[in-house]
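# A closer look at the structure
So the chains spell out like this:
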Amino acid sequence: MLELKGIRAGYGAVTVLQGVDFTAKSGEVTCIMGRNGAGKTTLLKTIMGLVAPRAGEITLEGAVISGLPAHQVPGRGLAWVPQGRRLFGPLTVAENLEIGGLLGGHKPQVKERVLELFPRLRERLNQQASTLSGGEQQMLAIARGLCLEPKVLLLDEPTEGLQPSMIALIRDSVLQLKATGVAVVLVEQRVEAVLQMADQVAFMAQGAIRAMVVAQQLSPNAPEFAEFVGV
Amino acid sequence: MAFGPFLLLALMEGLVTAAVLSLAAVGLSLVFGVMRVVNVAHGEFFMLGAVIAWFVSTMVPGPAWLAFAAALIVAPVLVAALAAMVDGLVLKRLSYNPEATILATIGVMYMIQQAALSYYGPDARPVLAPFSWRLQLPWFGYSGYKLFVVLAAGLVLLAVWLGLTRSKAGLVMRATQVDREVAQAFGINVGLVYRGVFALGAGLAALGAVLYVPISQAHYLMGHDPLLLSFIVVIIGGLGSLRGTLVAALVIGLSDGVISMFFSPTLAKILATLLVGLVLVFRPQGLFGAKE
């Protein structure tokens, strides 16, 4: 589905990604774990075309998407839920969803499906996004991404700063998406959440994937967590 | 003239200033709000609008209203096209870097100004108003055209507001203003949005100038005052805030009219600049701007 081969990317004189090889399959959750500065967020931004790769190739269902202008990447079937939510704060919930549906032509059934997944947003459609609670903001960030009807959903630390009930809700939503055949790439730091959601786990360090492990083979005390995440 | 009618006259003059100013300032504010570009050449787009209106008025035969109507369309379109070119040739190449674009637009300002001096000349030239109807009040007569300027500016600003808040293009512009990177991740062509916004901002300034030139004259240095006043308005109102820009344009326009008539135009400018200083010290984000 989504394949990265030898991706090198960075900012200015700094090369952050030092040759990343990585595959995400449809109907699977691929978690990316690593310490701060390992290159996780840069990796997602590079997939979205927001950071231009200096070498390597990114393909989606066999078609090369690396090198496309950033605004053409989501049209190929990729959605990104950035770290810290980064909603369009002064816009309403409905307007945020409308931005999400720009490429899909605002199909009412898509919006309806998204609101079924996050019913709490339905009550807040005319509310300014910045006034939502942290959990609701995260729901909106994911819902906005889902309005694109993505084949691949990139989630950057969606449970960061959320209370346990919200984390459970986000986890259930991710599992539902997985069941519909979406390939989910999830950057996550919580071991428990990773073990509940992931099919495979990629451990990143110094801009490269150092280990790729099937999630079922990992326990909370697995040495990879201590080595690559420091927990 | 008694105090009351004199004050009324001053307020009416102030309203005309506010109307023209708000068109120019909204353009400047939109460009900064969405693109984070401080466009120092904005006043020259205003000047070009007036100069093009003069050229159109000399080229279109027939009644004055016909030439004026043609200028209302031709000048904003040509100025918007020039602005789009400036965006592509200058601003985009500088990656919209805030500091670099200030310097670059200073260069653009001088280029446009000197081009106008070369091809239009140093003279101030009049453009006929489309009609000469006067409103006769019990105390004085007042130009019907000036009232038309207020009405036309009000309608254009209403259209801009509706466009920004009710249309898909407006939604895209507002989203880009909030977060350029995330906007791209939802398929928004930010480069195209920037080009459109820069052209729209310049076009609004040119439109303001076409409305203004029959009550003034077209001159190659006439862009200075609108630029200064537009900066005053957007700083007081809050950079990027449409509501703030409109309120500040009204305050500055009306106070300019009243102070100019009762005291002197210089005092009006001094007080407006003083107000900017106070706003920058006590509320740097402007009266309606969001704190960064």
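Residues numbered from 1 in each chain as written. Chains lettered and ligands numbered in written order. Predicted model: local features only at pLDDT ≥ 70, side-chain atom pairs only at ≥ 80, totals over all residues. Heavy atoms only, no water.

### A closer look at the environment of T42(A)
All names here are of chain A. Our working definition: Labels follow the DSSP assignment, with helices taken as runs of H or I lasting at least four residues and strands as runs of E lasting at least two, numbered in each case from the N terminus. Three labels apply to residues, based on accessible area from a 1.4 Å probe with only protein chains included: buried if under 20% of the type maximum, exposed if over 50%, partly exposed otherwise in between. Contacts were defined at the residue level, with two residues in contact if any of their heavy atoms lie within 4.5 Å.
Counting through the fold element by element, T42 comes out in helix 1 (residues 40-47). Since its relative accessible area comes to 8%, T42 is described here as buried. In this structure, the C-alpha to C-alpha distance between T42 and G207, residues 165 residues apart in sequence, is 8.9 Å. Every residue in contact with T42, bar those within four places of it in the chain, is listed here: Y11, V16 and L17.

### Focus: the pairing of strand 9 (residues 200-205) of chain A
Residues and elements named next belong to chain A. Filter applied, for reference: Here the rule is simple: two strands pair whenever DSSP picks up at least two bridges between them.
Burial of strand 9 is extensive: six of the six residues sit out of reach of the surface. One ladder, built from five bridges, connects strand 3 (residues 29-34) with strand 9; its direction is parallel. Paired with M33 across the bridge in strand 9 is F203. Both strand 9 and strand 10 (residues 208-214) contribute to a ladder of six bridges, which runs antiparallel. Within the sheet, the bridge partner assigned to V201 lies in strand 10 and is V213.

### A few points about the sheet that holds strand 7 (residues 152-156) of chain A
Residue and element names in this part refer to chain A. The condition that has to hold: Axis definition: a line fitted to C-alpha atoms, limited for helices to the stretch in contact. Angles are taken between N-to-C directions and run from 0 to 180 degrees.
Overall, mixed pairing links the six strands, which are arranged 6-7-8-3-9-10 in an open sheet. Each edge of the open sheet carries a strand with a single partner, namely strand 6 (78-81) and strand 10. Pairs of neighbouring strands in the sheet enclose a mean axial angle of 20°, with direction left out of account.

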